[in-house]
Amino acid sequence: MEKPITVRISETRRKMINAINDSGLPLFILDSILKDLYGELNALSIQQEERDRIEYEQALTESQPENKASE
């Protein structure tokens, strides 16, 4: 069985908190690092959403001739 998403989210949060706490870096540095990471994650998320939309639209387009042929 694949690990449930809720468990993976919880584990990831815990690991990130531990990494932050163990870093020993001042808060202003951590703030800067987290802002940079958020910017990168946000850009990747937007790219993934666009790829998913394109793939979905292509799949719909490819399945339309099959649907019309079976009508």
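An account of the accompanying structure is given in this report.

Conventions used here
- Residues numbered from 1 in each chain as written.
- Predicted model: local features only at pLDDT ≥ 70, side-chain atom pairs only at ≥ 80, totals over all residues.
- Heavy atoms only, no water.
- Helix = DSSP H or I, 4+ residues; strand = E, 2+ residues; numbered from the N terminus.
- Rg over C-alpha atoms; globule rule 2.2 N^0.38 Å.
- Buried < 20%, exposed > 50% of the residue type's maximum accessible area, 1.4 Å probe, protein only.
- Areas by Shrake-Rupley, 256 points an atom, 1.4 Å probe, with all protein chains shown as cover.
- Lys, Arg positive; Asp, Glu negative; His and termini not counted.
- Charge placed at Lys NZ, Arg CZ, Asp CG, Glu CD.

### As for the overall build of the protein
No. 1: A count of helical and extended segments in the protein gives 2 helices and 0 strands.
No. 2: The globule rule puts the C-alpha radius of gyration for 71 residues at 11 Å, and the 21 Å found for the protein is more than 25% above it.
No. 3: With the C-alpha coordinates of the protein rotated into their principal frame, the extents come out at 65 × 30 × 10 Å.
No. 4: When each of the 71 residues of the protein is scored for burial, the buried share is 1%.
No. 5: For the protein, the exposed surface amounts to about 6600 Å²; the carbon and sulfur share of it is 58%.
No. 6: Separation between the mean location of the 9 positive side-chain charges and that of the 14 negative ones in the protein comes to 7 Å.

### Re the environment of Asp-36
No. 1: Its location among the elements puts Asp-36 in helix α2 (residues 27-69).
No. 2: Along the backbone, Asp-36 and Gln-47 are 11 residues apart, and their C-alpha atoms lie at a distance of 17 Å.

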